[in-house]
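Below, each chain spelled out in residue letters.
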Amino acid sequence: MRTYETTFIINPQTDDVTIERHIGDVADVITKNNGKIVHEDKMGTRRLAYPIQGLTQGYYASFIFEAPSEVLPLLDRHYKLNEMYIRNLTVRFDGKLEEIIQQENPFVKPSVNKVVPAEKAVKVETKIETEKEEKTSHSHENTEEPTKETPVVEPLPEENQEKTEDTKENIEEKRESQETSETNYDEEDQL
Amino acid sequence: MAMVKGKKICRFCENNINYINYKDERILRRFTNERGKIIPRRITGNCARHQRKITNAIKRGRILAIIAFESESFR
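Residues numbered from 1 in each chain as written. Chains lettered and ligands numbered in written order. Predicted model: local features only at pLDDT ≥ 70, side-chain atom pairs only at ≥ 80, totals over all residues. Heavy atoms only, no water.

Asker: Honestly, unusual backbone geometry in this entry has me stumped. Any pointers?
Answerer: Glycine aside, residues mostly have negative phi, and peptide bonds are mostly found in the trans state. All names here are of chain B. Residue Asn16 is not a glycine yet carries a positive backbone phi of 55 degrees. Looking at the secondary structure, you find Asn16 in the loop between α2 (11–15) and α3 (25–30). Of note in the backbone geometry, Ala65 takes a positive phi value of approximately 60 degrees without being a glycine. Looking at the secondary structure, you find Ala65 in the segment after α5 (48–63). (Helix = DSSP H or I, 4+ residues; strand = E, 2+ residues; numbered from the N terminus.)

And the structure:
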């Protein structure tokens, strides 16, 4: 029993029901052959880096599972027969599950997530002390929602949001891009 | 320039990261230049072990259309 990881892309130009049905079919192929799904990740519709079969978007999903090696040709057969699966990749999984759950928010510094709810909590407490009892119930509801939303950072945010967040990373990226651009010029001159 | 960067510590070794997720676009783009080419190790400061993992992750990400094989240059 080894751990594997499959990721696949589904044609997004259909209903949500059919997309989930196809995801369930893949899970059934695994579980019906003495497999056990350990982690599931539905990344949703994303823009593709290059067009595949004339499409510019795709619905991504992935499974991490433990199964005997006889499952793999069955999976490939399942992907091949159905035209809804645009692309797929099955790979042996070398990492640890704990690292993946931590890496669902990769390169997002934990201090950033901790600072925001703490500040809001402090502000809320001061407001509660000043306000009356009727307003405290409403303030509790309002505080719970943003604190739940802010630590949950999407693993694949849009490009516009990336530019605003993580200014230090942008500075590092600019340095690297400048350096690489300089090296490219040198190589091209030599060529 | 290469000598200065040689003293940098590998950011993955610093944070004890062993698994690099090939489905994460942000990490993969950080190690590719504008044309989509993989940045060499002497510039990124990675150790050999993590540079190999990064290259494998980038190649898998290219197959899954998370990053491009090559992007058009602006020349």
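Asker: Would you mind going over the nonpolar core with me for this structure?
Answerer: One broad rule of soluble globular proteins: the nonpolar side chains tend to lie buried together. Of all hydrophobic cores here, the largest spans 28 residues; its most connected members are A:Tyr60, B:Phe12 and B:Ile54. Mapped onto this core, the elements with two or more residues apiece are β2 (36–52), β3 (55–67) and β4 (85–92) of chain A together with α3 and α5 of chain B. The element best represented in this core is β2(A), accounting for four residues. Residues A:Ile10, A:Val29, A:Ala61 and A:Tyr85 belong to the second largest nonpolar core, which totals 19 residues. (Core = buried A, V, L, I, M, F, W, Y, C linked by side-chain atoms within 4.5 Å. Buried < 20%, exposed > 50% of the residue type's maximum accessible area, 1.4 Å probe, protein only.)

Asker: Would you explain the sheet that holds strand β1 (residues 2–10) of chain A in this entry?
Answerer: Residues and elements named next belong to chain A. The strand order across the open sheet built from four strands is β2-β3-β1-β4, with neighbouring strands paired in antiparallel fashion. The open sheet has two edge strands, β2 and β4, and neither has a second partner. Averaged over all adjacent pairs, the angle separating strand axes in this sheet is 20 degrees, with direction ignored. Across nine bridges, β1 lies against β3 in antiparallel orientation. Bridging from a neighbouring strand, Glu5 pairs with Ile64 of β3. Sitting on the sheet, helix α2 (residues 71–81) touches β1, β3 and β4, and the angle it makes with β4 is about 165 degrees. (Pairing = 2+ DSSP bridges. Axes fitted to C-alpha atoms, helices over the stretch in contact; angles between N-to-C directions. Contact = heavy atoms within 4.5 Å.)

Distances and angles like these do not, on their own, reveal function.
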